[in-house]
Amino acid sequence: MTENQILDLLREVRHPAKGDRDLVDLDMVSSVSVSEGRVEVELAFPKRRDPLAEYLVGSARAALYRGLPGGTEIDVKAVVRQEEEPRKRQNVNDLTLDEVAQVRHIIGIASGKGGVGKSTVAVNLAVALARLGYRVGLADADVYGPSVPLMTDTEGAQPLMAEDEKTILPIEKYGVKWMSIGYFAQPGQALVWRGPMACNALKQMILQVQWGPLDFLLVDMPPGTGDIHITLVGDIPMEGAVIVTTPQAVALADVEKGVDMFRNEKVNRKIFGLVENMAWFTPEELPQNKYYIFGKEGGLKMAERLGIPLLGQIPIVESIRQSGDAGEPAALSSRPDGLAFLELAQKLAESV
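Position labels on residues start from 1 in each chain and follow its written sequence. Two thresholds apply to this predicted model, a pLDDT of at least 70 for residue-level local features and 80 or more for giving and counting side-chain atom pairs, whereas whole-chain, interface and lining totals are computed over all residues. Side-chain numbers here rest on the full set of heavy atoms in the structure, without hydrogens or water.

Colleague: Describe the sheet that holds strand β10 (residues 214–220), with residues and values.
Modeller: Taken together, eight strands build an open sheet; the order of strands is β8-β9-β7-β10-β6-β11-β12-β13 and the sheet is mixed. The sheet terminates laterally at β8 (171–173) and β13 (310–316), the two strands that pair on one side only. Looking at each pair of strands side by side, their axes are set apart by 25 degrees on average, direction ignored. Any two strands with at least two DSSP-identified bridges between them are counted as paired. Under the DSSP-based scheme used, a helix requires at least four consecutive residues in state H or I and a strand at least two consecutive residues in state E, with every element numbered from the N terminus. Bridge count between strand β7 (residues 136–140) and strand β9 (residues 176–180): five bridges; the pairing is parallel. By the bridge assignment, Gly-137 is partnered in β9 with Lys-177. For helices, the fitted axis covers only the stretch in contact; all axes are lines through C-alpha atoms, and the angles between them, taken along N-to-C directions, range from 0 to 180 degrees.

Rendered as structure tokens:
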């Protein structure tokens, strides 16, 4: 491995807010150190609060992992140019809550496990709240599997840097302000991030976005109960959460873990209610029929047992999948699936 080989790999990483120029062209590679089995890279940033710092560090790591021999130890760090701020490193812990100060309610959309349609519910709930007249934003906090760009037909969109060069302007569509790490990753790019790096990137995706005045900021959380969830509830003024599940027993077992996390005395966030997704299957040609593929009313029984409201039951309808794949959320329609999301939005608004 040579320094030139490392620089060639770093040329694959583009800065979305700098005309898509690469790190080397922008003179952001401060130093490269190559030794046997180890590569160290420092990326220099002109400001401590560059909103894309964590994204660029993660992308550089991913580029090096792809291009270097397996087993190579890789360390990529963000530093501040010494002529501007001597001996100081970029520190996401300096982020403030200024950009969410005008948000009335920050609500997490969570699930105990993956595959229950949490992101589908989050996107459609945001659109439904906007249809009811509320000012809404959604932050896609699933940093390893961001799906909001696809589900809103905003793939390829690149959020712009605000005039202050410290914050990002969200993408606006369907009356909702959207932000996702997916807007900055290259198509098919895997983000090779350890837990702390993912947490820091997430904080930037929420706290360095110019949301403006909002009634609701929904946070589409990754499944499970890990580091990212602890970061969210610890560093962001999240008021509470909505839990998404399916009726089947394996999903309901994980719901209890999610509820327990939010009710833990160290977290202590309100649970506004449970959403039972895929509650039944209704064929389009037989709209009155209900087939309980994953079991009947498992979410309702779980909500009663845990003492939380059942906010809604969303059926399996082919149009929901088609709308999501086409980037036109089902909540935009007046079909039964769209009305189900509107009813869910109304119940959440009343609960809040």
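Moving on, there is more to tell.
Colleague: Lay out the pattern of salt bridges with the relevant residues and their values.
Modeller: A pairing counts as a salt bridge when a side-chain nitrogen of Lys or Arg comes within 4 Å of a carboxyl oxygen of Asp or Glu. On inspection of all chains with the given rule, the structure shows 16 salt bridges. A salt bridge links Asp-254 to Lys-257; the nearest nitrogen and oxygen atoms lie 3.4 Å apart. Here Lys-257 and Asp-254 lie together in helix α7 (residues 249–263), a separation of three residues that amounts to about one turn. What makes Asp-254 buried here is its relative accessible area of 16%. By sharing partners, the salt bridges in this structure join Arg-38, Glu-40, Glu-73, Asp-75 and Lys-77 into a single network. The rule is simple: take the accessible area with a 1.4 Å probe, protein chains only, and divide by the maximum for that residue type; under 20% is buried, over 50% is exposed, in between is partly exposed.

Colleague: Can you break down unusual backbone geometry residue by residue, with the values?
Modeller: Backbone geometry places Asp-153, a non-glycine residue, at a positive phi of 55 degrees. Residue position: Asp-153 is located in the loop between α4 (148–151) and β8.

Colleague: A description of the side chain of Ser-147 should follow, citing residues and the corresponding values.
Modeller: Inspection of the secondary structure assignment puts Ser-147 in the loop between β7 and α4. We classify Ser-147 as buried; its relative accessible area is 19%. Once you skip the residues sitting within four places of it in the chain, Ser-147 turns out to touch Ser-119 and Asp-140. Note on definitions: a residue-residue contact is assigned when non-hydrogen atoms from the two residues lie within 4.5 Å.

Colleague: Any details on the sheet that holds strand β5 (residues 73–80)? Residues and values, ideally.
Modeller: Strand pairing in a sheet takes place through backbone hydrogen bonds and is either antiparallel or parallel in direction. The strand order β3-β4-β5 describes an open sheet built from three strands, whose pairing is mixed. The open sheet terminates on both sides in strands that have one partner only, identified here as β3 (29–35) and β5. Along the sheet, successive strands turn relative to each other by an average axial angle of 10 degrees, direction set aside. Looking at chain direction, β3 and strand β4 (residues 38–45) are connected through six bridges and run antiparallel. Residue pairing in the sheet places Val-32 in a bridge with Val-41 of β4. Sheet strands touched by helix α1 (residues 3–10): β3 and β4. Its angle to β3, the strand with the most contacts, is close to 130 degrees.

The analysis is restricted to geometry; functional conclusions fall outside its scope.
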